[in-house]
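Listed below are the residues making up each chain.
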Amino acid sequence: MSEVKQQLWYTEEHEWVERTEAGTVRIGITDFAQHQLGDIVFVELPAEGATIAQGAEVGTIESVKTVSDLFAPVTGTVLRVNEALESTPELVNESPYEKGWMIDVEFSSDVEEALGKLLTADEYKKLTADES
């Protein structure tokens, strides 16, 4: 069974979103997603300063099995990219919610409205149970 954290929001494409104390959000892929992908060998992320739009493709994740797109769960500006993933993409497999995070984003719209469009932990658990 994949780990689903209660304090996060989720997308149907298997990204997670965490609000930070700085008023930004941190984004990555879920434990379920990294299990489905298998051993991750490369992660391509947007550049710092890039503007991203909710639902748009913002990167790719390459595993030994396949290449998968990373979608933006919110609209905003990329403030920080997890540079550790350049040399150690396997961090996504080892620690998808902590060391394997992908980008930090500053919102360009209402944070509550944006998060309200995402899945709660319970809704995401149901989604992944249906996909298993």
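Residues numbered from 1 in each chain as written. Predicted model: local features only at pLDDT ≥ 70, side-chain atom pairs only at ≥ 80, totals over all residues. Heavy atoms only, no water.

Considerations on the sheet that holds strand β4 (residues 40-44)
Read from one edge to the other, the open sheet built from three strands follows the order β4-β6-β7, with strand pairing classed as antiparallel. Every interior strand has two partners, whereas the edge strands, β4 and β7 (67-71), have only one. Neighbour-to-neighbour, the strand axes of this sheet turn through a mean angle of 25°, independent of strand direction. Both strand β6 (residues 57-63) and β7 contribute to a ladder of five bridges, which runs antiparallel. Residue pairing in the sheet places Glu 57 in a bridge with Phe 71 of β7. (Pairing = 2+ DSSP bridges. Helix = DSSP H or I, 4+ residues; strand = E, 2+ residues; numbered from the N terminus. Axes fitted to C-alpha atoms, helices over the stretch in contact; angles between N-to-C directions.)

Observations regarding the environment of Trp 16
Relative to the helices and strands, Trp 16 is located in strand β2 (residues 15-19). For the pair Trp 16 and Gly 28, spaced twelve residues apart in sequence, the C-alpha to C-alpha distance is 5.4 Å. Excluding anything up to four places from it in sequence, Trp 16 contacts Leu 8, Trp 9, Tyr 10, Arg 26, Ile 27, Gly 28, Ile 29, Thr 30, Pro 96, Tyr 97 and Trp 101. Only 3.0 Å separates the side chain of Trp 16 from the backbone oxygen of Ile 29, close enough to count as a polar contact. (Contact = heavy atoms within 4.5 Å. Polar contact = N/O pair within 3.5 Å; in protein donor to acceptor, adjacent residues only side chain to side chain.)

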